[in-house]
Amino acid sequence: MPTPSTSRPPQRRLLTAALTTVALLATVAVSACGGPADAGGSTGKLRIGYQRFGGLSLVKARGAAPDVEWSLFESGPALTEALKAGSIDIGQTGEAPPVFAAAGKIPFSIIGTSAPIPQGEAVLVKADKGYRSFADLRGRTVALNKGSNVHWLLVRLLEANNMTLKDIQVKYLKPAEGRPAFDNGQIDAWVIWDPYFALAEQPGVQVLADATGLASNREYVLAAPDAVDKRSDDVKAFLQRYREVTDWGIAHPEERAATLAPELKIPQDVTSRALARSAKPLAPVTPAIGDELQAITDSFIALELIPGPVDLRSRVDDRFSAVFQ
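Residues numbered from 1 in each chain as written. Predicted model: local features only at pLDDT ≥ 70, side-chain atom pairs only at ≥ 80, totals over all residues. Heavy atoms only, no water.

Trainee: How should the overall build of the protein chain be read in this particular structure?
Mentor: Each helix and strand in the protein chain was counted, giving twelve helices and eleven strands. The burial tally for the protein chain puts 47% of its 325 residues in the buried class. Counted over contacts in the protein chain with a minimum sequence separation of 6, partners at least 24 positions apart contribute 76%. (Helix = DSSP H or I, 4+ residues; strand = E, 2+ residues; numbered from the N terminus. Buried < 20%, exposed > 50% of the residue type's maximum accessible area, 1.4 Å probe, protein only. Contact = heavy atoms within 4.5 Å.)

So this is what it looks like as structure tokens:
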């Protein structure tokens, strides 16, 4: 009697081989898409969110980081929404957007900052209105971008003039909405930052106040947790280029303006005027920076502009600070 064969039929052997091949290909695909095989490594281009005029604009304009993907945002709050959506890895904002973003439970770390830029934001009014101080705006309509750096300036101006939000009519407008409203007299004052500030400095426009003595108006570099945890080498390399380009721009103001004007699509003389007061060196984050941001946060909570509690100090991550020393 023949001994039963233990070998598989040809059809079954072919099916097994095919399934094995599919499994191997799936494993490779998972690894290529950023699965467990490369959890600590680099995957694709870093995605950078930037705003018109900020320091990152110069990096882009000079082509100093050709290996990243750029996304333009009109304001800091829009940029932090992109962090929430997971569509960028690094971005740059003013001092209030991180506060509102943290209150909204958006995950991010604060990995860099800048020297103070108080002259880079201001309250603009029409000169023929006769306003002499911010206190003259009592009962008037004041427009600004909600949750942006100028939101903190407004709070500080109210405090300095013994006023509250109830003493003015606040109108929240994005920069693209604020300029025509200001030009057409639909608002009495516009609180805005560079380069929109510089663009609006036309004959008949008066700077009623800037942030000097009131707000630092620093820039802040925010990063998604996955970027700082899993792509630290890539982040560090990008920040190094960012630092080098920023230092170059400060040392070469005329070339900087000539480079940025086409990128910003604004006249070079306007670019130069804005840069002269608003381009500052980068700086490391420190416990003092955390305290500064926490004080801003606590003020917004006290005014019931955001829900509390919010711990901004815990968002400060100094692992890249050596780049900015």
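Back to the write-up after that little detour.
Trainee: How do you make sense of the sheet that holds strand β8 (residues 189-193) when you look at a structure like this?
Mentor: Ordered by their spatial adjacency, five strands build an open sheet running β7-β6-β8-β5-β9, and the pairing between neighbours is mixed. With partners counted over all chains shown, the strands left at the sheet margins are β7 (169-172) and β9 (205-210), one partner each. The average angle at which neighbouring strand axes cross in this sheet is 30°, direction not considered. With four bridges joining them, strand β5 (residues 121-126) and β8 adopt antiparallel strand pairing. Among the inter-strand pairings, L124 is bridged to a residue of β8, identified as W190. Across the sheet, helix α6 (residues 175-183) touches β5, β8 and β9, and the angle it forms with β8 is around 145°. (Pairing = 2+ DSSP bridges. Axes fitted to C-alpha atoms, helices over the stretch in contact; angles between N-to-C directions.)

Trainee: Whenever I open this one, the packing of helix α4 (residues 96-103) against helix α12 (residues 287-302) confuses me. Can you help?
Mentor: Axis angle and axis distance: for two packed helices, these are the angle between their axes and the distance between the axes, and together they describe the pair. Direction vectors running N to C along α4 and α12 enclose 60°, while the axes themselves pass 10 Å from each other. With respect to their mutual orientation, α4 and α12 come out oblique. Our pair here, α4 against α12, has a crossing hand that is right-handed. Facing α4, whose interface residues are A96, V99 and F100, α12 presents L293, I296, T297 and F300. Of the residues belonging to the contact of α4 with α12, the class tally is six nonpolar, one polar and no charged. (Parallel < 35°, antiparallel > 145°, perpendicular 65-115°, else oblique. Left-handed = near helix turned anticlockwise from the far one by under 90°. Nonpolar A, V, L, I, M, F, W, Y, C, P; charged D, E, K, R; others polar.)

Trainee: Got a minute to help me understand the nonpolar core in this structure?
Mentor: In globular proteins that are soluble, nonpolar side chains generally tend to be buried together. The biggest cluster of nonpolar side chains holds 61 residues, and the ones touching the most others in it are L137, W190 and F300. Here this core takes seven residues from helix α5 (residues 149-160), the largest share from any one element. Setting aside its immediate chain neighbours within four residues, L137 contacts V123, V125, Y131, V142, D167, I168, A189 and L208. Of all hydrophobic cores here, the second largest spans 33 residues; its members include L46, I48, V59 and A257. (Core = buried A, V, L, I, M, F, W, Y, C linked by side-chain atoms within 4.5 Å.)

Trainee: Looking at this structure, I do not really get the environment of L158. What am I missing?
Mentor: Residue placement: L158 occurs in helix α5. As a C-alpha pair, L158 and F134 span 24 residues in sequence and 8.2 Å in three-dimensional space. Those residues in contact with L158 that sit more than four places away from it in its chain are F134, M163, T164, L165 and I168.

Trainee: Mind showing me how you'd approach the side chain of S109 here?
Mentor: Of note, S109 is situated in strand β4 (residues 109-114). The class of S109 is buried, set by a relative accessible area of 13%. Non-local contacts of S109, meaning those with residues more than four positions away in its chain, are made with V221, L222, A223, V228, R315 and D317.

Trainee: Looking at this model, I keep getting lost on the confidence of the model for the protein chain. Mind explaining?
Mentor: Regions with low pLDDT carry predicted coordinates that are not meant to be interpreted in detail. Taken over all residues, the pLDDT of the protein chain has a mean of 89, while the share at 70 or more is 87%. Overall, residues 1-41 carries pLDDT values under 50, and its contacts beyond four positions in sequence, including any with other chains, amount to twelve contacts. (pLDDT = per-residue confidence, 0-100.)

Trainee: What should I look at first to understand the sheet that holds β4 in this one?
Mentor: Think of a sheet as strands paired side by side through backbone hydrogen bonds, with each pair either parallel or antiparallel. With mixed pairing, six strands are arranged side by side in an open sheet as β2-β1-β3-β10-β4-β11. Only two strands of the sheet have a single neighbouring strand rather than two, namely β2 (68-73) and β11 (282-283). Contacts from helix α3 (residues 76-85) reach β1 (46-51), β2, β3 (90-93) and β10 (220-223), with the element oriented near 160° to β3.

Trainee: Any chance you could explain the pattern of salt bridges here in plain terms?
Mentor: When their charged atoms lie close together, side chains carrying opposite charge are able to pair. Within this structure, the stated rule accounts for 16 salt bridges. For the salt bridge of D291 with R313, the shortest nitrogen-to-oxygen distance reads 2.7 Å. Here D291, found in helix α12, pairs with R313, found in the segment after α12; they are 22 residues apart in sequence, far enough to count as distant. Exposure remark for R313: the relative accessible area of 45% places this residue in the partly exposed category. (Salt bridge = Lys/Arg side-chain N within 4 Å of Asp/Glu carboxyl O.)

Trainee: Just to check I follow, could you spell out the packing of aromatic side chains for this structure?
Mentor: The description of an aromatic ring pair rests on the distance of the ring centres and on the angle between the ring planes. All told, the structure shown has seven aromatic pairs when counted by the stated rule. Through successive ring pairs, a cluster of aromatic residues spans Y50, W70, F238 and Y242. Sitting above the plane of the F182 ring, K126 keeps its charged end 5.2 Å from the centroid. The ring of F197 has R277 lying over it, and the distance from NZ or CZ to the ring centre is 3.7 Å. (Phe/Tyr/Trp six-rings, centres within 6.5 Å; stacked < 30°, edge-to-face > 60°. Lys NZ or Arg CZ within 6 Å of the ring centre and 35° of its normal.)

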